[in-house]
Amino acid sequence: MRATIGIDIGGTNVRAARIGADGVVQDRRARPSLRDGEGCLRLCREMVAELRDETVAAIGVGVPGQVDFASQRVLSGGYVDLSTLPFAERLAQETGLPVTLDNDANMALLGEVAQGAAKGLAHVVLLTIGTGIGGAILDHGRILRGRGVAGQLGHLTVVPEGRDCVCGKRGCTETESSGTAFGLHLAEAGLPAGTRAEALLARGDAVAERVLHRWAAPLRGAIDTLIATLSPEAVIIGGGAGAAMVAALGRVPARRSWFHAPVLGAGLGDDAGVIGAAVAARPKGRRAVLVNGVPASGKSGVAQAIAAATGWPILSLDTVKNPFLVELAPVDRLMNRTLGRAAYRSIFDLTAQFAPDATVIIDAWFGFQPPEVLQAGLAAAGITEVRQIWCHAPPETIGARYAARVATRPAGHPGLDYVPELVALATRARPLDGYPSHEVDTAAPLDRDALMRFLA
Ligand SMILES: [Zn+2]
């Protein structure tokens, strides 16, 4: 995989970096932000020209404000307003590179998941505490978008009769717990402007504690609500005032509750946005979960458990093949194998028509064809990431399961005389080499958590 350029457009600075496929920042730039859309576009174009080399395949841009990801348009801007021009389209035209645009908090979350405090997690909530409050939600490894701009966590109502917010509501997280709100709490307490949260944390007197409580308690409420609503593995707090907020939240401990998730400080600091934008820009590929094992090894139950938890479609070799066995009956063993090969090809042909970033569960005994056939199929289907679930059970158990279901299968599947051969096959069968693998003993109760952790 090749390098990408990540750009993070902030109110103060525009940061850009060329980042390798390994996640290493190879080169970077930062310039003061420009408020107007055309000026900001020119700035991005210049920074891309400076960072670009022959390895750069695409550009990702994180922007403040609401972004409709599907149309790649900025819907509303704050200090830097990019809603007045087709920013992504223009940058793509002017650089000749594909451009992926998203809200800056979504980009920061992708960065933290790729390389930061949420590395490897699939269910994460991010809150960025700065001038305002940004938010982003990762659900099953994907940014939650609702009908467009889900995740505006700066506008959760936390104080029903609170201050007026720019969004039109009152008492939002942003009006109570942002960096700006901290200044207001200071003023209300009669403390000098510019007093830092760290200084209040060190003081510990009643006035300081009241300011910290007023600042952090509404966010604690928002975090508790988010945990109960979304059941994340972690809540990450980032942004310029993120570290201070994590410390202030220590003054408002979570109550013991049915609902719990760790609250962690962000790991990448100012780099989260550019790293996430570079990750978002990477060419997408499809993902396949190969549920592998000999016939009657319990694959379909495992595939169904994964599908139930994720919503990913299952393509099962038997499901594709069986209607042909029925229509072409009687079918001998040679024809059964021929249909098996055709069904195998169909699975990859179908997958090639799925969304470019789709994940598909493929339920098959992959040992019936040479690995080169699988590799060719994966390539033809645009599958760039593969995980294998190896299903096994004691060979006698597999033989007994096969014997028990012979009567219910379409004619053309081998009959009872196949059982000794299957038991011998189960004794020597091994998973495919070269793919990350997770073993499931289907004679034991399924450990769904371990399975889903592997697939996260
Ligand atoms: Zn609001």
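Definitions and limits used
Per chain, the residues get numbers from 1 upward, laid out in the order the sequence is written. In view of the model being predicted, local features appear only for residues whose pLDDT reaches at least 70, and side-chain atom pairs are presented and counted only at 80 or more, with totals across whole chains, interfaces and linings using the full set of residues. Numbering of helices and strands runs from the N terminus, with a helix taken as a DSSP run of H or I at least four residues long and a strand as a DSSP run of E at least two residues long. Burial in this document is a count-based property: other C-beta atoms within 10 Å of a residue's C-beta are tallied, and the residue is buried at 20 or more, exposed at 12 or fewer, or partly exposed in between, with C-beta positions derived from the backbone. Contact criterion: two residues are in contact if their C-beta atoms, reconstructed from the backbone, are within 7 Å. Strand pairing requires that DSSP identify at least two bridges connecting the strands. Here is how to tell: hold the view so the strands point away, follow the path from the first strand over the helix to the second, and if it runs clockwise the crossover is right-handed. Note on definitions: angles span 0 to 180 degrees between N-to-C directions of axes, and those axes are lines fitted to C-alpha atoms, for helices only across the stretch in contact. By definition in this entry, angles of less than 35 degrees are roughly parallel, angles greater than 145 are roughly antiparallel, angles of 65 to 115 are roughly perpendicular, and the rest are oblique. The crossing is said to be left-handed when, going from far helix to near helix, the turn is anticlockwise and less than a right angle, and right-handed when the turn is clockwise. Think of it as three bins: nonpolar holds Ala, Val, Leu, Ile, Met, Phe, Trp, Tyr, Cys and Pro, charged holds Asp, Glu, Lys and Arg, and polar takes everything else, Gly as well.

A. Here's a closer look at the overall build of the protein. Within the protein, the regular secondary structure consists of 16 helices and 17 strands. The C-alpha extent of the protein, read off along each of the three principal axes, is 90 × 55 × 35 Å.

B. Region of the structure containing the environment of asparagine 103. Turning to its location among the elements, asparagine 103 is positioned in strand S7 (residues 99-103). The class for asparagine 103 is buried, based on 26 C-beta atoms found within 10 Å. Here the alpha-carbon distance between asparagine 103 and valine 14, two residues 89 residues apart in the chain, equals 14 Å. In this view, asparagine 103 contacts Gly62, Val63, Gln66 and Val67; residues no more than four positions away in its chain are not counted.

C. View of the pairing of strand S11 (residues 234-238). In terms of burial, S11 is largely enclosed, as four of its five residues are buried. The pairing of S11 with strand S12 (residues 263-265) spans three bridges and is parallel. What sits directly across from isoleucine 237, in S12, is glycine 265. Taken together, S11, helix H8 (residues 242-249) and S12 form a β-α-β motif whose crossover is right-handed.

D. Quick look at the packing of helix H11 (residues 317-328) against helix H12 (residues 333-351). It is at 9 Å that the axes of H11 and H12 come closest, and there the two elements cross at 130 degrees. It follows from the interaxial angle that H11 and H12 lie oblique. Between H11 and H12 lies a crossing of right-handed hand. Packed against H11, whose contacting residues are Leu317, Val320, Lys321, Phe324 and Leu325, the element H12 presents Asn336, Leu339, Gly340, Ala343, Tyr344, Ser346 and Ile347 at the interface.

E. Summary view of the packing of helix H3 (residues 104-115) against helix H9 (residues 271-281). Their axes nearest at 6 Å, the elements H3 and H9 cross at an angle of 85 degrees. Taken as axis vectors, H3 and H9 run roughly perpendicular relative to one another. Contact residues: H3 offers Asp104, Met107, Ala108, Leu109, Leu110, Gly111, Glu112, Ala114 and Gln115, while H9 offers Asp271, Ala272, Gly273, Ile275, Gly276, Ala277, Val279 and Ala280. Of the residues contributing to the contact of H3 with H9, the split by class is ten nonpolar, four polar and three charged.

F. Inspection of the pairing of strand S1 (residues 3-9) at higher detail. When you tally the buried positions in S1, you get seven out of seven residues, the bulk of the element. Where burial is concerned, the two faces of S1 agree: the one with Ala3, Ile5, Ile7 and Ile9 and the one with Thr4, Gly6 and Asp8 are both buried. One ladder, built from six bridges, connects S1 with strand S4 (residues 56-63); its direction is parallel. Within S4, the position partnered with isoleucine 5 by the bridge is isoleucine 59. Examined bridge by bridge, S1 and strand S2 (residues 13-19) share six bridges and lie antiparallel to one another. The residue of S2 that forms the bridge with isoleucine 9 is valine 14. The turn linking S1 back onto S2 is made up of three residues.

G. Summary view of the sheet that holds strand S14 (residues 314-316). Pairing is parallel in the open sheet, where five strands are placed in the order S14-S15-S13-S16-S17. Here the strands that pair on one side only, and so sit at the sheet edges, are S14 and strand S17 (437-441). If you compare each strand with its neighbour and ignore which way they point, the axes differ by 20 degrees on average. With six bridges joining them, strand S13 (residues 286-292) and strand S15 (residues 359-364) adopt parallel strand pairing. From the neighbouring strand, asparagine 292 faces S15, where its bridge partner is alanine 364. Along the sheet, H11 contacts S14 and S15; its crossing angle with S14, the most-contacted strand, is approximately 50 degrees.

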